[in-house]
Amino acid sequence: MKLDRLALLILIFVFFISLTPATAKDNSGEKNHNTNEASEPLHDAHGKEHNLDPDKTHDQGHEQGDDQSHDQDHSQDAAHGGHANLGETLPLYSCIPFACMLLSIALLPLIAGNFWHHHFGKISAFWAGCLALPFIFFFKGLAIYEILHIILADYVPFIILLWALFTISGGILLKGTLRGTPLVNTSIILIGTILASWMGTTGAAMLMIRPFLRANDYRKNKTFMVVFFIFLVANIGGALTPLGDPPLFLGFLHGVTFFWTIKILPHMLVASIILLVVYFALDTYYYKKEGATTPDDGEKKPLRLVGTYNFIFLAGVVASVLMSGIVDFGEISTFGVHRAAQDWLRDSLLIVLGIGSLWATPKVLREENEFSWFPIIEVAYLFIGIFITMIPCLLLLKAGPNGAFAFLINAVKEPVHYFWVTGILSAFLDNAPTYLTFFNTALGSFYSGMAESQAVPLLMSENTIYLQAISTGAVFFGACSYIGNAPNFMVRSIATESGTEMPSFFGYILKFSLLFLIPTFVIVTLIFF
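Residue positions are counted from 1 within each chain, in the order its sequence is given. Given that this is a predicted model, residues contribute local features only at a pLDDT of at least 70 and side-chain atom pairs are listed and counted only at 80 or more, while totals for whole chains, interfaces and linings are drawn from all residues. Calculated side-chain values reflect all of the structure's heavy atoms, with hydrogen atoms and water omitted.

Peer 1: So what exactly am I meant to see when it comes to the overall build of the protein chain here?
Peer 2: If you tally the helices and strands in the protein chain, you get 23 helices and five strands. Evaluated residue by residue, the protein chain yields a buried proportion of 61% over its 529 residues. Working definition of accessibility: Shrake-Rupley area with a 1.4 Å probe, residue cover restricted to the visible protein chains. Summing over all exposed atoms, the protein chain offers an accessible surface of approximately 20,100 Å²; the carbon and sulfur share of this is 68%. The helix count covers DSSP runs of H or I at least four residues long, the strand count covers runs of E at least two residues long, and both are numbered beginning at the N terminus. Burial here depends on accessible area, computed with a 1.4 Å probe over protein chains only, as a share of the maximum for the residue type. Under 20% is buried, over 50% is exposed, and the range in between is partly exposed.

Peer 1: What should I look at first to understand a nonpolar patch on the surface in this one?
Peer 2: Candidate patch residues must exceed 30% relative accessible area and have no salt bridge, after which like charges are joined if within 9 Å and Val, Leu, Ile, Met, Phe, Trp or Tyr side chains if within 5 Å. The salt bridge definition used is simple: a Lys or Arg side-chain nitrogen within 4 Å of an Asp or Glu carboxyl oxygen. On the surface, a nonpolar cluster with roughly 830 Å² of combined accessible area is contributed by Leu190, Ile194, Trp198, Phe259, Ile262, Leu265, Leu269, Ile273 and Val277. Looking at the nonpolar patch, the elements with two or more residues in it are helix H7 (182-199) and helix H11 (265-289). A per-element tally of the nonpolar patch places H11 first, with four residues. Here leucine 190 is to be found in helix H7.

Peer 1: Sorry if this is basic, but what is going on with the packing of H7 against helix H9 (residues 223-232) here?
Peer 2: The description of two helices packed together rests on the angle between their axes and the distance between the axes. Axes here mean lines fitted to C-alpha atoms, for a helix over just the part in contact, with angles spanning 0 to 180 degrees between N-to-C directions. Closest axis-to-axis distance for the H7/H9 pair is 9 Å, and the angle between their directions is 25°. Judged by the inter-axis angle, H7 sits roughly parallel to H9. Here the hand of the crossing between H7 and H9 comes out right-handed. Facing Asn185, Ile189 and Thr193 of H7, the residues of H9 in contact are Met225, Phe229 and Leu232. Of the residues belonging to the contact of H7 with H9, the class tally is four nonpolar, two polar and no charged. Under this scheme an angle from 65 to 115 degrees is roughly perpendicular, one under 35 degrees roughly parallel, and one over 145 degrees roughly antiparallel; angles in between are oblique. The handedness criterion is simple: a crossing whose near helix is rotated anticlockwise from the far helix by less than a right angle is left-handed, and one whose near helix is rotated clockwise is right-handed. Residues are treated as being in contact if the distance between any of their heavy atoms lies within 4.5 Å. Under this grouping Gly is polar, as are all residues other than the nonpolar Ala, Val, Leu, Ile, Met, Phe, Trp, Tyr, Cys and Pro and the charged Asp, Glu, Lys and Arg.

Peer 1: Is there a simple way to explain the packing of helix H5 (residues 96-111) against helix H15 (residues 374-389) in this structure?
Peer 2: Where H5 meets H15, the axes come as close as 8 Å, and the angle between the chain directions of the two elements is 155°. Considering the angle they form, H5 stands roughly antiparallel to H15. Helix-helix and strand crossings are classified by hand; for H5 and H15 the assignment is left-handed. Side by side, H5 and H15 meet where Pro97, Phe98, Met101 and Ile105 of the first sit next to Leu382, Gly385, Ile386 and Thr389 of the second. Of the residues contributing to the contact of H5 with H15, the split by class is six nonpolar, two polar and no charged.

Peer 1: Is there a simple way to think about helix H21 (residues 464-476) in this case?
Peer 2: In an α-helix there are 3.6 residues to a turn, and that puts residues three or four apart on one side. In this model H21 runs 18 Å from its N-terminal to its C-terminal C-alpha over 13 residues, within 8% of the 18 Å that 1.5 Å per residue would give. Looking at H21, one finds that the buried residues are Thr464, Tyr466, Leu467, Gln468, Ala469, Ile470, Ser471, Thr472, Gly473, Ala474, Val475 and Phe476. On its buried face, H21 is in contact with helix H10 (246-253), H11, helix H18 (415-426), helix H19 (431-446), helix H20 (452-462) and helix H23 (505-528). Helix span is expected to be 1.5 Å times the residue number reduced by one.

Peer 1: Just to check I follow, could you spell out unusual backbone geometry for this structure?
Peer 2: With the exception of glycine, the majority of residues adopt a negative phi angle, and the majority of peptide bonds are in the trans configuration. You will see that lysine 140, though not glycine, has its phi angle at about 50°, which is positive. The residue lysine 140 is located in helix H6 (residues 113-169) in this model.

Peer 1: What is the right way to look at the packing of aromatic side chains in this model?
Peer 2: To describe a pair of aromatic rings, you give the distance between the ring centres and the angle between the ring planes. In summary, the pairing rule links any two rings of Phe, Tyr or Trp, Trp by its six-membered ring, whose centres are within 6.5 Å, and it sorts them by plane angle into stacked for under 30 degrees, edge-to-face for over 60 and tilted for everything else. Counting across every chain of the model gives 41 aromatic pairs. Summarising the aromatic geometry, the rings of phenylalanine 252 and phenylalanine 258 are spaced 5.7 Å apart at their centres and angled 85° between planes, so their arrangement reads as edge-to-face. By definition here, charges over rings are those cases where NZ of Lys or CZ of Arg is within 6 Å of the ring centre and within 35 degrees of the ring normal. In this structure, arginine 492 packs its charged tip against the face of tyrosine 482, placed 5.7 Å from the ring centre. The ring of phenylalanine 489 carries the charged tip of arginine 492 above its face, separated from the ring centre by 5.0 Å.

Peer 1: Help me out: how do you make sense of the confidence of the model for the protein chain in this one?
Peer 2: Should the pLDDT be low somewhere, the predicted coordinates at that spot are not to be read in detail. Per residue, pLDDT captures the predictor's confidence, and it can take any value from 0 to 100. Considering every residue of the protein chain, the mean pLDDT works out to 81; 82% of them sit at 70 or more. Under a pLDDT of 50 for its full length, residues 10-84 has, in the predicted model, 216 contacts with residues more than four places off or in other chains.

Peer 1: Would you mind showing me how to read the pairing of strand E4 (residues 331-334) here?
Peer 2: The side chains of a regular strand alternate, residue by residue, between the two faces of the sheet. Both faces of E4 are covered, namely the face carrying Glu331 and Ser333 and the face carrying Ile332 and Thr334. A pair of strands is considered paired only if DSSP assigns at least 2 bridges between the two. Strand direction decides the pairing type here: E4 and strand E5 (residues 337-340), joined by four bridges, are antiparallel. Its bridge partner being in E5, threonine 334 is matched across the sheet by valine 337. As consecutive antiparallel partners, E4 and E5 are separated by two residues, and within that stretch phenylalanine 335 has a phi angle of approximately 55°, a positive value.

Peer 1: Just to check I follow, could you spell out the side chain of threonine 389 for this structure?
Peer 2: Here threonine 389 shows up in helix H15. Two N or O atoms count as a polar contact when they lie within 3.5 Å, although within protein this holds only if one can serve as hydrogen donor and the other as acceptor, and sequence-adjacent residues are included solely when both atoms are side-chain atoms. A polar side-chain atom of threonine 389 sits 2.8 Å from the main-chain carbonyl oxygen of glycine 385. Residue contacts for threonine 389: discarding those within four places in its chain leaves Pro97, Phe98, Met101, Trp127, Ala128 and Leu131.

Peer 1: Teacher, can you tell me more about the state of the cysteines here?
Peer 2: Cysteine pairs can be linked by a disulfide, which is a covalent bond between their two sulfur atoms. Put simply, a disulfide is two cysteine sulfurs that come within 2.5 Å. Evaluated as defined, the whole model comprises zero disulfides. Left without a disulfide partner, cysteine 95 is nearest to the cysteine sulfur of cysteine 393, which lies 3.2 Å away. For cysteine 95, a relative accessible area of 13% puts it in the buried group.

Peer 1: What is the right way to look at the pattern of salt bridges in this model?
Peer 2: Pairing is possible between side chains that carry opposite charge, provided their charged atoms lie close to one another. The final tally for this structure, using the stated rule, is eight salt bridges. Here lysine 175 ties to glutamate 368 by a salt bridge, and the two come within 3.3 Å at their closest N and O atoms. Here the residue lysine 175 occupies a position in strand E2 (residues 173-175), and glutamate 368 occupies one in helix H14 (residues 363-368), the gap between them amounting to 193 residues. You can call glutamate 368 partly exposed: its relative accessible area is 39%. Of the charged contacts in the structure, one is a salt bridge between arginine 179 and aspartate 217, with a shortest N-O distance of 2.7 Å. With arginine 179 in the loop between E2 and H7 and aspartate 217 in the loop between helix H8 (201-215) and H9, this residue pair connects regions lying 38 residues apart in the sequence. By relative accessible area, which is 44% here, aspartate 217 ends up partly exposed. Via salt bridges that share partners, Arg339, Asp343, Arg346 and Asp347 belong to a single interconnected network.

This is the structure we're talking about:
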């Protein structure tokens, strides 16, 4: 009951933000340009004409038009004019709270598990405060703007989308006899991998994880199963369309054609086949080692889905996200943070769809599905700390060659550099702004001074390999850590609640990412880059 009340409080908070008095701006003369770098495909950048000078392109993820018109239209908003200067001013040690937040997630569950379980929300708030208070003290209005921006433009849509998909998928129950043999498990992961490109990695992961866990409830070694599920369904599977993963959707909004991402198919096939083969071999080994035999549950019952009307709500989620990237209803300013009106509309629709699923789905069905609010509560508490402490890291990254990460940005020259640097940063930071940073770096390198509408088609045709490297790096490397992509932590939380022992933050990286993902990416590099 307590968790139900907490979930309700989150909804009330979201409604409050959505209904906060705001001013609307009609861009009748030119289209709205807002590229909110959220953690799911929740961005908007309709037809923006960017200055592609290498020293200026790093900051385009927050700009609301070309540089000159932006300064004229929003000169009253000091925060808008200060993005680049703030990123160029911050020292590298401003990232320490973010590092401490990650270390808390990694170590406290191991050394103080009971304390962490009862106080992880307070710990997240503590590190957020450690960043926010001195940040505001030294940078005043600019800092307040950045904090409001990441909450309104990134965190709120991120948690709304996760909540909607989590709620709706929790109303879909697979009944019947399904037992997790190596072949069955590999097939489930394969299906999820295919679905991820068309309904998003988060949607596919939330839909498939519960049947996957239930099918293997009799198995002893289940940890590696969930990890490979995260690798493929929650990450690599989303590489084929802009609906699959946030960075690809951001590229779509910046002029990359919808089906261009099919050019990543060979890369995705190589990585997916390698990991599926490795998974099947591991599952077969453990299946035999356990001496596992399929439990006799009496008469085998045919498989059937209950709560299929929730697929209508899922389709509504996908349509709402796609709508937010196609239409242009102008711009809304909330607390000085400018967002596209269609983004607010999308968020409102997602809330309505989630509530509709709650209303339409019988409570007993969710109980049979072992549905609870704890996973989304945990993610909401932890990621507000992650998002706020991550602000300096993102600002330094966007500062490009003029910031503390200049040594890294300036070293990126070849496709292999774009693949690995974009990827490694995406594993720990938001992969959407990371993608945007190196996307603009490539545009500035090859087509300096050219309008984005002209440069992006040339990048797609003349320098395809660079865009492939950026896209695959941002998508694939999201699998390397629990915070690399939105669904990773959700899947871990659901699996933990179901009784599956999951590795720690560093355990996941050391025992699985370094052992299985990195060699796979080396092979992808040798073949394609």
